Amino acid sequence: MIVVRSVAEVRQALAEPRGRGESIGYVPTMGALHDGHLALVRAARARDGVVVASVFVNPLQFGPDEDFDSYPRDEDRDLALCEKAEADIAWLPAADELFPPGFGLTVAVPRLSSLLCGVGRPTHFAGVTTEMSKILLLLAPTAVYLGEKDFQQLVVMRAVIRDLGLPIEVRSVPTVREPDGLALSSRNAYLSTAERRTAASLFRILTELTEKLRAEPGSVAEMLGEGRRALIEAGMDRVEYLELVDGETLDPVRGVTKSNRLVAAVWLGSTRLIDNTEI
């Protein structure tokens with residue numbers, strides 16, 4: 001595995017395999033890697049000739065009171081894990097190269113970005129889509145690999161790539177979980193021991209609610225209310241949202257179809273957890 005830090009270096013590293021016509025799989029990460037990230041790298045390794053994994057904590061996607069400064073960072077560990085998962089190139093760009101002084105571009109999908117997580121984090125997705133659009137244009141990969149755990153981000157990025165007409169395939173990878181069901185996330189490190197035990201209830205309640213919705217598809221509103229109460233009773237401090245949505249438009253739905261997603265965001269202490277299940 002080679003480690004590069006500049007745009008010029010990553011382009012040079014890709015020039016030869018691109019010239020041979022090899023496919024390029026791109027895995028974006030913010031570091032603090034876990035098995036969920038490595039599943040993306042392994043998925044790319046299985047399908048593409050060259051795998052590029054980036055490690056970049058994107059300042060544009062953090063709000064003014066969010067955890068940009070405290071977000072976990074461990075470059076040596078991240079590089080070791082990228083190599084273990086058989087990435088060919090690890091790219092660690094500098095923020096001032098991607099967003100030099102005077103950078104003023106914004107790429108946004110306003111409707112999709114204003115729903116769900118976008119209600120409480122109104123600038124988040126514009127930060128994601130601006131950064132990702134620039135990187136995808138710089139790298140021109142064959143495919144980008146995104147996890148289903150961040151389901152809204154997956155839907156938003158599909159829209160960006162479609163609307164910009166980029167010849168890049170979006171390949172989703174199922175959520176990777178702890179043995180008790182908790183979705184892997186770099187922010188799980190913020191949880192105390194007691195909060196970590198409680199956190200597993202999120203996926204358990206989503207799974208139970210999914211089965212009930214499949215069995216009684218006419219009772220969506222009532223069951224969502226039951227689900228919100230169950231999350232609070234399980235120890236969550238606040239339910240930001242619990243919704244059944246269309247898997248493409250993210251619009252709330254009150255009828256169950258196989259394309260629906262049950263999506264949730266909750267607060268446990270100072271930690272925000274998100275998860276989803278497929279109907």
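Residues numbered from 1 in each chain as written. Predicted model: local features only at pLDDT ≥ 70, side-chain atom pairs only at ≥ 80, totals over all residues. Heavy atoms only, no water.

In plain terms, the rule: UniProt positions are given in the numbering used here, feature names are shortened, and annotations may be inferred rather than shown by experiment.
The chain appears in an unreviewed UniProt entry as Pantothenate synthetase from Nocardia ninae NBRC 108245. According to UniProt, the comment filed for the chain under the heading Pathway (unreviewed entry) is "Cofactor biosynthesis; (R)-pantothenate biosynthesis; (R)-pantothenate from (R)-pantoate and beta-alanine: step 1/1." Quoted verbatim from the Subcellular location (unreviewed entry) heading of the UniProt record, the comment on the chain is "Cytoplasm".

### Let's talk about the packing of aromatic side chains
Formally: Two rings from Phe, Tyr or Trp (for Trp, the six-membered ring) form a pair when their centres are within 6.5 Å of each other. A pair whose planes differ by under 30 degrees is stacked, one over 60 is edge-to-face, and the rest are tilted. Should the NZ of a Lys or the CZ of an Arg lie within 6 Å of a ring centre and within 35 degrees of the ring normal, that charge is described as sitting over the ring.
Tallying each qualifying case throughout the model produces four aromatic pairs. Note on Phe 62 and Phe 68: the rings are 5.3 Å apart at their centroids and 70° apart in plane angle, and the pair reads as edge-to-face. Cluster of aromatic residues (ring-pair linked, three or more members): Phe 56, Phe 99 and Phe 103. Taking the ring centre of Phe 203 as reference, the NZ or CZ of Arg 177 above it sits at 3.6 Å.

### With respect to unusual backbone geometry
Definition in use: Elements are defined by DSSP. Helices are runs of H or I of four residues or more, strands are runs of E of two residues or more, and each kind is numbered from the N terminus. Relative accessibility thresholds used throughout: buried, under 20% of the residue-type maximum; exposed, over 50%; partly exposed, between the two (1.4 Å probe, protein chains only).
With a phi angle near 50°, Leu 116 is a residue other than glycine that sits in the positive phi range. Structurally, the position occupied by Leu 116 is in the loop between helix H5 (110-113) and helix H6 (117-120). Look at Leu 116 and you get buried, because its relative accessible area is 12%.

### What about the side chain of Arg 171?
Quick note on the threshold: For the purposes of these results, a polar contact is taken to be a pair of N or O atoms within 3.5 Å, where, inside protein, one atom must be able to donate a hydrogen and its partner to accept one; residues adjacent in sequence count only when each atom of the pair is a side-chain atom. Should any heavy atoms of two residues lie within 4.5 Å, those residues are considered in contact.
On the secondary structure map, Arg 171 appears in strand S6 (residues 169-173). Within the structure, Arg 171 has its side chain in polar contact with the side chain of Asp 48 (distance 3.2 Å). Beyond its immediate sequence surroundings of up to four residues, Arg 171 is in contact with Arg 47, Asp 48, Ala 143, Val 144, Tyr 145 and Leu 146.

### Thoughts on helix H8 (residues 151-164)
Rule in force here: Helix span, as expected, comes to 1.5 Å for every residue beyond the first.
The terminal C-alpha atoms of H8, which comprises 14 residues, lie 20 Å apart, in line with the 20 Å expected from a rise of 1.5 Å per residue. Among the residues of H8, Phe 151, Gln 152, Leu 154, Val 155, Val 156, Met 157, Ala 159, Val 160 and Ile 161 are the ones counted as buried. Taken from the residues just after H8, Gly 165 is the one with a positive phi, measuring 70°.

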